[in-house]
Amino acid sequence: MKQQVSRKATLLEAMIPIICLGLFLGIGIFMYGSSPHVPLVGAAAIAGAIGVYRLGFEWSELESSMFDSIKMAMQAILIIMIIGILIGTWIISGVVQSMIYWGLKVISPNIFLVASVIVCSIVSLATGSSWSTMGTVGVALLGIGQSLGIPTGLVAGSIISGAYFGDKLSPLSETTNLAPAMAGTDLFTHIKYMLYSTIPSLIIVLVIFGIMGMKYSGQELDISQIQLISNTLESSYNTLSPLLLIAPIAVIVLVMLKVPAIPGLIGGALIGVVIAVFFQGQDMGAILEAATNGYVSATGVESVDMLLSKGGLMNMMSTVSLTICALGLGGILEKTGMLEAIASSILKAAKGVFGTVLCTMLTCTFTNIIAGEQYLSIVIPGRMYSEEFKKRGIHPKMLSRALEDSGTLSSPLIPWNTCGAYIAGTLGVSAFVYAPYALLNLINPLVSLAMIAFNYKVARIDDNKEEDLKMCEKAN
């Protein structure tokens, strides 16, 4: 039998599943209030049909690419599941309640948003993980912010801003290591160059959140509501001792010691189990139920019960399935060359350094929207554009920074992206709600582009420098 010959997609062919995805998402989410799961599957089916019947791919090839794409994010999927267990054990053990209880005593509304950004920045820098930061201190900060009467989306935005500041700059972060590897530069050159745009962005963010916080400091603080929450927590649990904070501290220390994320988070969950037994007197059946299906608070105070009824492995399954659906679509689009066709057409319009970087950032963001995975949004554009940056005499560290400014920072703004789905599952806040307040993620790319527009810290290849020549060799 004659073997079928396949070809890569043209731009027109590539746009068909993209347009369909937009239509499906618009109809499903905005008209019927559905989740993005089925629209993603529908777009994947259309992309697969084009790949088989139009482009000549065997279904087995597309299926294999889907599996490879899902495998790339398998660690992220496992972390999502473990975070569900961790949150369940930390709530039944009183760890989260302790963070909320003591936080309410020391944090006031006028400094809360700024403090939230700074705390999450420090933790994320130390751990290299925005996910661990949001799944631990982020959960507690969200509870404190809600208790202080600050809108949930605004609180989540401050948490995400700080978490991604640290993730973006930490040498322990996977994306911080991945971006320079794809661009052809080294880790610390990449981090140092990002500082020029990321530090000013953080300052702007802190100023804006400081001004927003003043709005709440000027209002009459509902002390009675805070006292109600504090008293309810204190009366509902055996102890809310600061000793319970050993659980989040232990997770931070484990990651700083370069213990991999999965065993580190499992260790944090096990500490929660021990605390639940010895400090709260919980039996193992209740602990396993909280770890599996989540903790159900029954204090009788609605605000507290809504705050604490969360967590559990099974409650993360919607997030896991959404991740798998998005990655399956991304695998088909990459294998058939649809992503490449769209990105290549974008780059043709790029003029000069500004245009090249802008197109790279748009491609990364577009890949995040379509493929649903931030690793793909760094790997694919990084591989595609490294040679083009060399040809245009642009230093590889410009590419690595662009990959992070867009690929890393845009991922939590997209509801069906692995990061957006994780945040929704962990903090219980939709990307549609928190995205306008994730200020660092919105401002940092604009600051980077403004610097290029004003020709500030624009790095070009100097043929007289041996270091730059070596960088370019890596970019090939």
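The rules behind each value
Here the residue numbering is sequential within each chain, running from 1 through the sequence in written order. Totals for whole chains, interfaces and linings use all residues, but because this is a predicted model, local features are given only for residues with pLDDT of at least 70 and pairs of side-chain atoms are given and counted only at 80 or more. Each side-chain value is worked out from all heavy atoms of the structure, with water and hydrogens disregarded. UniProt positions are given in the numbering used here, feature names are shortened, and annotations may be inferred rather than shown by experiment. Going along the chain from the N terminus, every DSSP run of H or I of four or more residues is numbered as a helix, and every run of E of two or more is numbered as a strand. Each radius of gyration is computed over the set of C-alpha atoms, and the globule rule expresses the reference value as 2.2 Å times the number of residues to the power 0.38. Note on exposure labels: buried denotes an accessible area under 20% of the residue type's maximum, exposed denotes more than 50%, and partly exposed covers the range between, all computed with a 1.4 Å probe on protein chains only. Only heavy atoms enter the contact rule, under which two residues are in contact if any of them lie within 4.5 Å. Surface accessibility follows the Shrake-Rupley procedure with a 1.4 Å probe radius. Residue values consider only the protein chains on display as shielding. A residue counts as positive if it is Lys or Arg and as negative if it is Asp or Glu; His and the chain ends are not included. Positions of charges follow a simple convention, taking NZ of Lys, CZ of Arg, CG of Asp or CD of Glu. For the purposes of these results, a polar contact is taken to be a pair of N or O atoms within 3.5 Å, where, inside protein, one atom must be able to donate a hydrogen and its partner to accept one; residues adjacent in sequence count only when each atom of the pair is a side-chain atom. For salt bridges, the criterion is a side-chain nitrogen of Lys or Arg within 4 Å of an Asp or Glu carboxyl oxygen. Classification of ring pairs uses Phe, Tyr and Trp, with its six-membered ring standing for Trp, and accepts pairs whose centres are within 6.5 Å; under 30 degrees between planes counts as stacked, over 60 as edge-to-face, and the remaining range as tilted. Only residues whose relative accessible area exceeds 30% and that form no salt bridge are eligible for patches; like-charged ones are grouped when within 9 Å, while nonpolar side chains (Val, Leu, Ile, Met, Phe, Trp, Tyr) are grouped when within 5 Å. Buried Ala, Val, Leu, Ile, Met, Phe, Trp, Tyr and Cys residues that are joined via side-chain atoms within 4.5 Å together make up what is termed a nonpolar core.

- Per an unreviewed UniProt entry, the recorded name for the protein chain is Malate-2H(+)/Na(+)-lactate antiporter, and the organism is Terrisporobacter mayombei.
- For the record of the protein chain, the UniProt heading Sequence similarities (unreviewed entry) holds the text "Belongs to the NhaC Na(+)/H(+) (TC 2.A.35) antiporter family."
- A UniProt comment under Subcellular location (unreviewed entry) is attached to the protein chain, and it reads "Cell membrane".

Quick look at the overall build of the protein chain
Then step 1. In terms of regular secondary structure, the protein chain is built from 24 helices and 0 strands.
Then step 2. Radius of gyration (C-alpha) of the protein chain: 23 Å, near the 23 Å computed for a compact globule of 476 residues.
Then step 3. Its C-alpha atoms give the protein chain principal-axis dimensions of roughly 70 × 55 × 40 Å.
Then step 4. Relative to its full complement of 476 residues, the protein chain shows a buried share of 57%.
Then step 5. Within the protein chain, residue pairs in contact and separated by at least 24 positions form 80% of the contacts whose partners lie at least 6 positions apart.
Then step 6. Working note: accessible area of the protein chain is about 19400 Å², and carbon and sulfur atoms make up 66% of it.
Then step 7. Averaging the positions of the 25 positive and the 28 negative side-chain charges in the protein chain gives two centres separated by 10 Å.

Some details on the side chain of Asn-444
Then step 1. As for its position among the elements, Asn-444 is in helix α23 (residues 439–453).
Then step 2. A distance of 3.4 Å separates a polar atom in the side chain of Asn-444 from a polar atom in the side chain of Ser-201.
Then step 3. Contact partners of Asn-444, with chain neighbours within four places excluded, come to Lys-168, Ser-197, Thr-198, Ser-201, Asp-405 and Leu-409.

Observations concerning the pattern of salt bridges
Opposite charge on two side chains makes pairing possible when the charged atoms of those side chains draw close.
Then step 1. For the structure shown, the criterion picks out 3 salt bridges.
Then step 2. Note that Arg-7 and Glu-13 form a salt bridge whose closest N and O atoms lie 2.6 Å from each other.
Then step 3. Note on Glu-13: relative accessible area 6%, which makes it buried.
Then step 4. A salt bridge links Asp-405 to Lys-168, with the shortest nitrogen-to-oxygen separation between them at 2.9 Å. Of this pair, Asp-405 sits in helix α20 (residues 396–410) while Lys-168 is found in helix α8 (residues 152–169), placing the two residues 237 residues apart along the sequence.
Then step 5. Note on Lys-168: relative accessible area 0%, which makes it buried.
Then step 6. Members of the salt-bridge network, linked through shared partners, are Arg-7, Glu-13 and Arg-54.

Considerations on the packing of aromatic side chains
Then step 1. Across all of its chains, the model carries 3 aromatic pairs by this definition.
Then step 2. Geometrically, the ring pair formed by Trp-131 and Tyr-422 is stacked, given 4.2 Å between the ring centres and 5° between the ring planes. One end of the pair, Trp-131, is in helix α7 (residues 130–147); the other, Tyr-422, is in helix α21 (residues 418–427), and 291 residues separate them in sequence. Summarising the burial analysis for this pair, Trp-131 and Tyr-422 share the class buried.

Details of unusual backbone geometry
Then step 1. Located in the positive-phi region is Asn-455, a residue other than glycine, with phi close to 55°.
Then step 2. The residue Asn-455 is located in the loop between α23 and α24 (466–475) in this model.

Considerations on a nonpolar patch on the surface
Then step 1. A cluster of nonpolar residues, Leu-243, Val-274, Val-277, Phe-278, Phe-279, Met-284 and Leu-288, forms a patch on the protein surface that exposes about 680 Å² of accessible area.
Then step 2. If you list the elements that add at least two residues to the nonpolar patch, you get α13 (261–278) and α14 (284–293).
Then step 3. In this fold, Val-274 is placed in helix α13.
Then step 4. On the basis of relative accessible area, Val-274 is assigned to the partly exposed category, the value being 46%.

Structural notes on the nonpolar core
Then step 1. Ranked by internal contacts, the top residues of the largest apolar core, which has 118 residues, are Phe-112, Trp-131, Met-134 and Leu-233.
Then step 2. Ranked by the residues each element gives to this core, the list is headed by helix α4 (residues 74–92), at 11 residues.
Then step 3. Counting residues in hydrophobic clusters, the runner-up holds 26 residues, among them Ala-179, Leu-347, Leu-399 and Ala-459.

Re the side chain of Ser-121
Then step 1. Considering the arrangement of structural elements, one finds Ser-121 in helix α6 (residues 109–127).
Then step 2. Overall, the relative accessible area of 5% leaves Ser-121 in the buried class.
Then step 3. A polar contact is formed between the side chain of Ser-121 and the backbone oxygen of Val-117, at a distance of 2.7 Å.
Then step 4. Apart from the residues within four sequence positions on either side, Ser-121 is in contact with Gly-162, Phe-165, Gly-166 and Leu-202.

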